[in-house]
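Summary of the model geometry
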Amino acid sequence: MAEVVEQEKVAKAPKEPLFSKKNRKLVTDPLTDNNPITIQVLGICSALAITAELKASIVMAIAVLFVLGVGNVVISLMRNIIPSKIRIIVQLVVVATLVIIVDLVLKAFAYELSKTLSVFVGLIITNCIIMGRFEAFALANGPWKAFLDGIGNSFGYGVILIIVGFFRELLGSGTLLGFPVLGNPIAGEKTGLYALGYENNGFMLLAPMALIVLGIVIWIQRSRNEALIEEN
Amino acid sequence: MEHLELFFKSIFIDNMVFATFLGMCSYLAVSKKVATAVGLGAAVIFVLAITVPLNWWIDQYLLQPGALVWLGPEYAEFDLSFLSFIMFIATIATMVQLVEIVVEKFSPALYNSLGIFLPLIAVNCAILGGSLFMQSREIPTLGLAVTYGIGSGIGWFLAILAIAAIREKIRYSSVPPALRGLGITFIITGLMAIGFMSFGGMLTGGDEGEAEKEPIEQAIKTEKDDVDNKEEKETNTTALNQ
């Protein structure tokens, strides 16, 4: 541990501009080639469970953005005083505190939504993205870099959540953010696509389809970038 | 009977992996070989069986609105439920550490097989999820909490065992290159989840007449109605009590 700190001090010596190329990479990399969900396989649980509606996905993405952005900075500031033996508990306490803030804010300003998200707000605590970034990045880097890394990773997470949420809500209930976009599905007064005989696929709203949609997202991503293909 | 019902419900109908997607990270990461999957699965059962009852106890006597009444009547108005996340996760982290030490001391053989997985488990969402669901579903007694913990642990165990077995075999089939590894695992899990959905009718006895019309929307609707009714009842009872 001490070695790492030493190395880091040496590496930090030349001062970097705030938005150097390396720092920008911290934000952009997790969006595509190092996406936390599809490549690092972290934080899948919540990505699947709450994506039946686009709105819930967006709120979840924002919640993770807050927790990971702030948490990464806090852990990074404390990195030299956390004894490595109890670091997991320290990290958990930091995340839990931030998540409680998110949960209370949601309950105060968006009660309905907090019902939809139910226990999954609490489960941000054990969202592996957060612990993963704390362990892999915040414990070894300064606060500004840690902040950028947190932002980047939560955007990468949010993008996937929003893609999955978009398709599930569009195909499952024909709405986006609650607004009907494909016409009126009520029998007798059908308009838009429904007048042509289109039906909502209620199956998309069920849990298993989240897995399959995510599988397809991964499929598309990996066929576009062959370097990501796993051996077996 | 109550116990049996909850037991089967938590294994099959509310299966941690297939119905609520809890513990997916370790489910995907540790399911390449059956042997390791069994190790992690056993550790999850073990830890869930300990932490769910413990957190039930904490919830009942510390966190719920009015739970502190055993300290004296003047504490009846305290509501510490906003602390539940931090209390639950602290309990879990401590228990995992404690279990690790105890197992290492008394059963080195078990420690060797579970050992490396135990630290992983502290941050497994299945464990925290078990406690949070125990709280939100309002499991009434300590006995039922134990049943629930063990049942959901076994459900998770079955899921990871099944996917590990499939992944061992899938090596011999020709999967499209871009789907190899993660992609195909997701899709298989999705298909397994569809299979597990068919257990849904097991407890209700399947009211077929209604269910056949619009099974999916019906299911969603009744679930929502149930939740709504439950909430209404609660508010009524609390109002009555006051």
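Being a predicted model, the structure only gives us computed values, none of them experimental.

**Side note on the overall build of chain B**
When helices and strands are tallied, chain B shows 13 helices and zero strands. When the elements of chain B are put in sequence order from the N terminus, they spell out α-α-α-α-α-α-α-α-α-α-α-α-α. Expressed as a percentage of its 242 residues, the buried residues of chain B come to 43%. A fraction of 78% describes how many contacts in chain B between residues 6 or more apart in sequence connect residues 24 or more apart. Here chain B displays about 12400 Å² of accessible surface, and carbon together with sulfur accounts for 64% of that area.

**Let's talk about the interface of chain B and chain A**
Counting residues at the interface gives 43 residues for chain B and 45 residues for chain A. Summing both sides of the interface, chain B and chain A together bury roughly 3900 Å²; the carbon and sulfur share of this comes to 83%. When the buried area of chain B at its contact with chain A is split by residue, B:F21, B:F85 and B:F186 rank highest and sum to 17% of it. Inspection of the region where chain B meets chain A yields zero salt bridges. For the pair chain B and chain A, the number of links is zero residue pairs in polar contact (both at pLDDT 80 or more).

**Points about the pattern of salt bridges**
Overall, the coordinates contain four salt bridges over all chains when judged by the stated rule. Two residues, A:R133 and A:D149, come together in a salt bridge whose shortest N-O distance is 3.0 Å. Placement of the pair is A:R133 in helix α8 (residues 128-136) and A:D149 in helix α9 (residues 143-173), with a sequence separation of 16 residues. Among the residues examined, A:R133 registers a relative accessible area of 12% and is labelled buried. Across the pair B:D14 and B:R137 runs a salt bridge, and its minimum N-O distance is 3.5 Å. Residue B:D14 is found in the loop between α1 (2-13) and α2 (16-20), and its partner B:R137 is found in the loop between α8 (125-136) and α9 (142-170); the two are separated by 123 residues along the sequence. By relative accessible area, B:R137 is classed as partly exposed at 28%.

**As for the nonpolar core**
Of all hydrophobic cores here, the largest spans 117 residues; its most connected members are A:I44, A:L48, A:I124, B:M24, B:Y27, B:W156 and B:F186. Sequence-distant contacts of B:Y27, defined by excluding residues within four places in its chain, comprise B:V17, B:F18, B:W156, B:A159, B:I160, B:I163 and B:T189. Formed by five residues, the second largest nonpolar core is a distinct cluster that contains A:L54, A:L170, A:L176 and A:Y194.

**Quick notes on the packing of helix α10 (residues 207-224) of chain A against helix α10 (residues 182-197) of chain B**
Where α10(A) meets α10(B), the closest approach of the two axes is 8 Å, and the angle between their N-to-C directions is 165°. In terms of orientation, α10(A) lies roughly antiparallel with respect to α10(B). As α10(A) runs across α10(B), the sense of the crossing is left-handed. Packed against α10(A), whose contacting residues are A:P208, A:L211, A:I212, A:L214, A:G215, A:I218 and A:R222, the element α10(B) presents B:L182, B:G183, B:F186, B:I187, B:T189, B:G190, B:L191, B:A193, B:I194 and B:M197 at the interface. Tallied by class, the residues present in the contact of α10(A) with α10(B) amount to twelve nonpolar, four polar and one charged.

**Let's talk about the environment of A:T175**
All names here are of chain A. Examined against the element boundaries, T175 turns out to sit in strand β1 (residues 175-176). Its relative accessible area of 15% is what places T175 among the buried residues. Along the chain, T175 and N200 lie 25 residues apart, while their C-alpha atoms are 9.9 Å from each other. If we skip the residues at most four places from it in the chain, T175 touches E169, L170, P180 and V181.

**Some points on the packing of aromatic side chains**
Residues and elements named next belong to chain B. Scanning the model with the defined rule gives nine aromatic pairs over all chains in all. A ring pair is formed by F12 and F199, whose centres lie 4.7 Å apart and whose planes are at 40°; its orientation type is tilted. Highlighted residues: F12 in helix α1 and F199 in the loop between α10 and α11 (201-204), separated in sequence by 187 residues. Exposure remark for F199: the relative accessible area of 28% places this residue in the partly exposed category. Between F196 and F199, the ring centres sit 5.4 Å apart and the planes meet at 70°, which makes this aromatic pair edge-to-face. Aromatic rings pair up to connect F7, F8, F12, F18, F196 and F199 into one cluster.

**Brief notes about the confidence of the model for chain B**
Residues and elements named next belong to chain B. When pLDDT is averaged across chain B, the result is 76; 79% of the residues are at 70 or more. When mean pLDDT is taken per element in chain B, α9 scores highest with 90 and helix α12 (residues 208-213) scores lowest with 42. Here residues 206-242 scores under 50 on pLDDT; set against residues more than four positions off or in separate chains, the count is nine contacts. Among the scores for the predicted complex, ipTM is 0.74 and pTM is 0.76.

Cut-off values and rules
- Residues numbered from 1 in each chain as written.
- Chains lettered and ligands numbered in written order.
- Predicted model: local features only at pLDDT ≥ 70, side-chain atom pairs only at ≥ 80, totals over all residues.
- Heavy atoms only, no water.
- Helix = DSSP H or I, 4+ residues; strand = E, 2+ residues; numbered from the N terminus.
- Buried < 20%, exposed > 50% of the residue type's maximum accessible area, 1.4 Å probe, protein only.
- Contact = heavy atoms within 4.5 Å.
- Areas by Shrake-Rupley, 256 points an atom, 1.4 Å probe, with all protein chains shown as cover.
- Buried area = accessible area lost by both parts, 1.4 Å probe.
- Salt bridge = Lys/Arg side-chain N within 4 Å of Asp/Glu carboxyl O.
- Polar contact = N/O pair within 3.5 Å; in protein donor to acceptor, adjacent residues only side chain to side chain.
- Core = buried A, V, L, I, M, F, W, Y, C linked by side-chain atoms within 4.5 Å.
- Axes fitted to C-alpha atoms, helices over the stretch in contact; angles between N-to-C directions.
- Parallel < 35°, antiparallel > 145°, perpendicular 65-115°, else oblique.
- Left-handed = near helix turned anticlockwise from the far one by under 90°.
- Nonpolar A, V, L, I, M, F, W, Y, C, P; charged D, E, K, R; others polar.
- Phe/Tyr/Trp six-rings, centres within 6.5 Å; stacked < 30°, edge-to-face > 60°.
- pLDDT = per-residue confidence, 0-100.

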